[in-house]
Amino acid sequence: MPAKEREFRLSHSRIIVIGAGVAGLTCALELSERGFGVEVIERRPRLGEGACSWMAGGMLAPWCERASTDAAVLTLGEPSIDWWARHFAGTVRKGTLVVAPPRDAAELTRFAERTHGREWCDEAGVADLEPDFAGRFRRGLFFAGEAHLDPRRALPAIADLLAERGVPIHFGVDVPPGDLTVDCRGLAARDVLPDLRGVRGEMVAVRSRDLSLSRPVRLLHPRIPLYIVPRGDGVFMIGATMIESEVRGGASVRSTVELLNAAYTLHPAFGEAEILEIGADLRPAFPDNLPAVRRGPRGLLVNGLYRHGFLLAPAMARQAADLVEMDNADLRQRRSA
Ligand SMILES: Cc1cc2nc3c(=O)[nH]c(=O)nc-3n(C[C@H](O)[C@H](O)[C@H](O)COP(=O)(O)OP(=O)(O)OC[C@H]3O[C@@H](n4cnc5c(N)ncnc54)[C@H](O)[C@@H]3O)c2cc1C
């Protein structure tokens, strides 16, 4: 057994959360806030390395997502916006703007029919929200209640909150689940969750000094819908493909070209942008594309966050903590009987 593993096993006597992606960190924080002693173990040496959560756009967009997902995503996701705003000061509540090129204007009407929590804006309204789009789109849909964050700032912020509460994260430790665990290993948990599958997502990060956006913008397109999330300092995340494939490795040329083409359609200034990163990962998904907290032989399994990791992790953390509290109450009752 490697030294680090031995050290860890000797020291633990609390609830162990396995995996420091968004699911694991939010579960650890929720459990700690409810008074449980918690430790997190992460097999990688650094936060975010190898985690699907590091690749995410960080959109907190329950109303937009309702256009293509189950109502549960809206019910569970809406309260998460407040959760993130309470726990991460970098949460930006400026809504989402949805537009379509003139030839795909019917897509906008279809999107409006499948969603609520939005208002129509005309050309001037689009330009009021995003002045760089002046004259580019005749109509748009504005989802004022939505928010966004930068996952690469949000995860370290949650890790800091955990550290302040005395919750350690043991990096570089890869142990099989022990007794009281909350397993948040993402796609790596397929050994105990055989119905989990990977849905490939590819993204591109660029820097443009010629363009400024205040909020995520979605471009509707029948074949390659795209979103762009501003990260500040001229950086934009362009995402994301949704491919039923478990092939690992970097983004394909085809996906990259399509994402960049769509960004160019959104605004030609993207043509001059500097490419900073091209990335890909597999989203962990159950057959119904909804997340779940399940009981396993050694504890709880929190998984299947699919394309809604940041949006739904707080709700999953609450469900997991409710179950841990229930089990603890049962145990106390049995002991006192
Ligand atoms: C391109 C792209 C864009 C996305 N955009 C968004 C978005 O805008 N909004 C949104 O809400 N969601 C988005 N998502 C989805 C989101 O990223 C995922 O739902 C989420 O990251 C899943 O989180 P997780 O914690 O379950 O898994 P992960 O983030 O993969 O975390 C699992 C962690 O467990 C660790 N681990 C694995 N095995 C072990 C072991 N044996 N011991 C210890 N540690 C272990 C891993 O190293 C990893 O750190 C996007 C995804 C992609 C790919």
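Definitions and cut-offs
Positions within a chain are numbered from 1, following the residues in the order the chain's sequence is written. This being a predicted model, a pLDDT of at least 70 is required before a residue's local features are given, and a value of 80 or more before pairs of side-chain atoms are given or counted; all residues contribute to the totals for chains, interfaces and linings. With hydrogens and water stripped out, all remaining heavy atoms of the structure feed into the side-chain values. Per the convention used, a helix needs a DSSP run of H or I reaching at least four residues, while a strand needs a run of E reaching at least two, with both numbered from the N terminus. Atoms considered for the radius of gyration are the C-alpha atoms alone. The globule rule reads 2.2 Å times the number of residues to the power 0.38. Throughout this description, buried means an accessible area under 20% of the type-specific maximum (1.4 Å probe, protein chains only), exposed means over 50%, and partly exposed covers the range between. In what follows, a contact means two residues having at least one pair of non-hydrogen atoms within 4.5 Å. The set of buried Ala, Val, Leu, Ile, Met, Phe, Trp, Tyr and Cys residues whose side-chain atoms join them within 4.5 Å is what this entry labels a nonpolar core. Under the convention used throughout, the expected extent of a helix is 1.5 Å for every residue step, that is, one less than its residue count. We call two strands paired when DSSP finds no fewer than two bridges between them. To obtain each axis, a line is fitted to C-alpha atoms, and for helices this fit is confined to the stretch in contact; angles are then taken between N-to-C directions over 0 to 180 degrees. We call two N or O atoms a polar contact when they sit within 3.5 Å, provided that within protein one can donate a hydrogen and the other can accept it, with sequence-adjacent residues counted only if both atoms are side-chain atoms.

1. Re the overall build of the protein chain
The helix and strand tally for the protein chain stands at nine helices and 16 strands. Computed over its C-alpha atoms, the radius of gyration of the protein chain comes to 21 Å, within 12% of the 20 Å expected for a compact globule of 337 residues. Projecting the C-alpha coordinates of the protein chain onto the three principal axes gives extents of approximately 70 × 40 × 35 Å. Taken across its 337 residues, the protein chain has 54% of its residues classed as buried. Expressed as a percentage of contacts within the protein chain between residues at least 6 apart in sequence, the contacts between residues at least 24 apart total 76%.

2. Points about the nonpolar core
In this structure, Leu31, Trp84 and Val302 are the most contacted members of the largest nonpolar core, which totals 68 residues. Broken down by element, this core gets its largest block of residues, 11 residues, from helix H9 (residues 309–336). If we ignore the near neighbours within four places in the chain, the residues touching Trp84 are Val22, Thr26, Leu60, Thr91, Leu149, Ala154, Ile158, Phe310 and Pro314. Counting residues in each nonpolar core, the second largest holds 26 residues, with Phe133, Val217, Ile224 and Phe270 among its members.

3. Notes on helix H2 (residues 22–33)
The terminal C-alpha atoms of H2, which comprises 12 residues, lie 16 Å apart, in line with the 16 Å expected from a rise of 1.5 Å per residue. For H2, the tally of buried residues reaches 11 of 12 residues, placing the bulk of the element in the interior. Just past H2, the residue Gly35 takes up positive phi, approximately 95°.

4. A short note on the sheet that holds strand S2 (residues 38–42)
Spatial ordering of the open sheet is given by S8-S2-S1-S9-S16-S15, a layout of six strands whose pairing is mixed. Of all strands in the sheet, those bounded by a partner on one side alone are strand S8 (169–171) and strand S15 (292–296). Taken over all neighbouring pairs, the strand axes of this sheet differ in orientation by 20° on average, direction set aside. Relative to S2, strand S1 (residues 15–18) runs parallel, the two sharing four bridges. Residue pairing across strands places Ile16 opposite Glu39, the latter belonging to S2.

5. Re the environment of Asp70
Structurally, the position occupied by Asp70 is in the loop between helix H3 (62–65) and helix H4 (71–87). The sequence separation of Asp70 and Arg136 amounts to 66 residues, and the corresponding C-alpha distance is 32 Å. Polar contacts involving the side chain of Asp70 include one to the main-chain amide nitrogen of Ala72, which spans 2.8 Å.

6. Re the pairing of S15
Pairing analysis gives five bridges linking S15 to strand S16 (residues 299–303), with the strands arranged antiparallel. If you follow Arg295 over to S16, its bridge partner there is Leu300. The hairpin formed by S15 and S16 contains two residues between the paired strands.

7. What to know about the sheet that holds strand S11 (residues 217–219)
Ordered in space as S5-S6-S4-S11-S12-S13-S10-S14, the eight strands form an open sheet in which the pairing is mixed. Edge positions in the sheet fall to strand S5 (119–122) and strand S14 (274–285), since each of these pairs with one other strand and no more. Across the sheet, the mean angle separating the axes of adjacent strands is 25° when strand polarity is ignored. Alignment of S5 against strand S6 (residues 139–143), held across four bridges, turns out to be antiparallel. In the strand pairing of S6, Cys121 is matched with Gly140. Sheet strands in contact with helix H8 (residues 253–266) are strand S4 (96–99), strand S10 (197–207), S11, strand S12 (226–232), strand S13 (235–239) and S14, and its direction is about 50° off that of S10.

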